[in-house]
Amino acid sequence: MMDKLQQLSAPIGRLLLSMIFIFSGFNKMTGYAATQGYMESMGVPGMLLPLVIALELFGGIAILLGFRARLIAALFVGFNIVSAFIFHQFWLDASQINPFMKNIAIAGGFLMIFAHGPGAYSIDNSHTRKSSV
């Protein structure tokens, strides 16, 4: 029973971590101009937006599927920490403490994927399932 719960926790965890980025990447695409303007108002060059969208959308899907999960997780660790400090400056605006800590907590979740891999039911580990059958 516990083995099955541990196996299921990995894909469910990847789903929960990836959802925010898949939706966010899609929303940035549909609200491109507004997102670009916001980034620029925070001192981030708007020309970086396509890279942000690609990481959020395609990186989110990769994490969901467990494809190149350690590499993508490492990118998301950095992305979440950098964006926390740029966009959630709680030292200037106390209302930003929860969004700041959310980004830091998400970075922690990705750090776990980086350290331990994507777990069961992932593309990265599909070869181990086939050899054990």
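Refer to the structure above for everything that follows.
Here the structure is a predicted model, which is why all the values come from computation and not from measurement. (Residues numbered from 1 in each chain as written. Predicted model: local features only at pLDDT ≥ 70, side-chain atom pairs only at ≥ 80, totals over all residues. Heavy atoms only, no water.)

Engineer: What's the story with the overall build of the protein in this structure? I'm lost.
Structural biologist: Counting its secondary structure elements, the protein contains six helices and zero strands. Going residue by residue from the N terminus, the α and β elements of the protein occur as α-α-α-α-α-α. Along the first, second and third principal axes, the C-alpha atoms of the protein reach 55 × 30 × 20 Å. Taken over 133 residues, the protein has a buried fraction of 35%. In the form shown here, the protein has an accessible surface area of approximately 8000 Å², with 73% of it arising from carbon and sulfur atoms. Averaging the coordinates of the 8 positive side-chain charges in the protein and doing the same for the 5 negative ones gives two points 13 Å apart. (Helix = DSSP H or I, 4+ residues; strand = E, 2+ residues; numbered from the N terminus. Buried < 20%, exposed > 50% of the residue type's maximum accessible area, 1.4 Å probe, protein only. Areas by Shrake-Rupley, 256 points an atom, 1.4 Å probe, with all protein chains shown as cover. Lys, Arg positive; Asp, Glu negative; His and termini not counted. Charge placed at Lys NZ, Arg CZ, Asp CG, Glu CD.)

Engineer: Quick question: what am I supposed to make of helix α3 (residues 49-65) here?
Structural biologist: Each full turn of the α-helix corresponds to 3.6 residues, which orients residues three or four apart in the same direction. With 17 residues, α3 should cover 24 Å at 1.5 Å per step; its first-to-last C-alpha distance of 24 Å lies within 8% of that length. Buried residues of α3: L49, V52, I53, L55, E56, L57, G59, G60, A62 and I63, and no others. Turning to α3, the residues buried within the fold contact α1 (2-30), α2 (32-41), α4 (69-87) and α5 (97-116). G66 occupies a position one or two residues after α3 and carries a positive phi of about 70°. (Expected span 1.5 Å × (residues − 1). Contact = heavy atoms within 4.5 Å.)

Engineer: In this structure, what is going on with the nonpolar core? I would like to understand it.
Structural biologist: Membership of the largest hydrophobic core comes to 20 residues, with the highest contact counts inside it found for F21, M39, I63, F76, F79, F110 and I113. Of all the elements, α4 adds the most residues to this core, at seven residues. Among residues more than four places away in sequence, those in contact with I113 are R14, L17, I63, A69, R70, A73 and P118. (Core = buried A, V, L, I, M, F, W, Y, C linked by side-chain atoms within 4.5 Å.)

Engineer: Where do I start with the packing of aromatic side chains in this structure?
Structural biologist: The geometry of an aromatic ring pair is captured by two quantities: the separation of the ring centres and the angle between the planes. In the structure shown here, the tally under the stated rule is 11 aromatic pairs. By the ring-pair criterion, three or more aromatic residues cluster together here, those being F21, F76, F79 and F110. (Phe/Tyr/Trp six-rings, centres within 6.5 Å; stacked < 30°, edge-to-face > 60°.)

Engineer: It is not clear to me how unusual backbone geometry should be interpreted in this structure. Could you clarify?
Structural biologist: Note: most residues except glycine have negative phi, and most peptide bonds are trans. The backbone of R68 shows a phi angle near 50°, a positive value even though the residue is not glycine. Tracing the backbone through its elements, the reader meets R68 in the loop between α3 and α4.

Engineer: I'm lost on the pattern of salt bridges in this one. Help?
Structural biologist: Two side chains of opposite charge can pair, provided their charged atoms sit close to one another. Scanning all chains against the criterion turns up one salt bridge. Between K28 and E56 there is a salt bridge, with the nearest N and O atoms lying 3.2 Å from each other. Pair noted here: K28 is in helix α1 and E56 is in helix α3, with a separation of 28 residues, a long-range link. Residues K28 and E56 agree in their burial class; the two are buried. (Salt bridge = Lys/Arg side-chain N within 4 Å of Asp/Glu carboxyl O.)

Engineer: Please clarify how a nonpolar patch on the surface should be interpreted in this entry.
Structural biologist: A surface patch of nonpolar side chains, amounting to about 650 Å² of accessible area, comprises L8, I12, L15, L16, M19, F23 and Y121. Looking at where L8 falls in the secondary structure, it is placed in helix α1. (Patch = residues over 30% accessible without salt bridge, like charges linked within 9 Å, V, L, I, M, F, W, Y side chains within 5 Å.)

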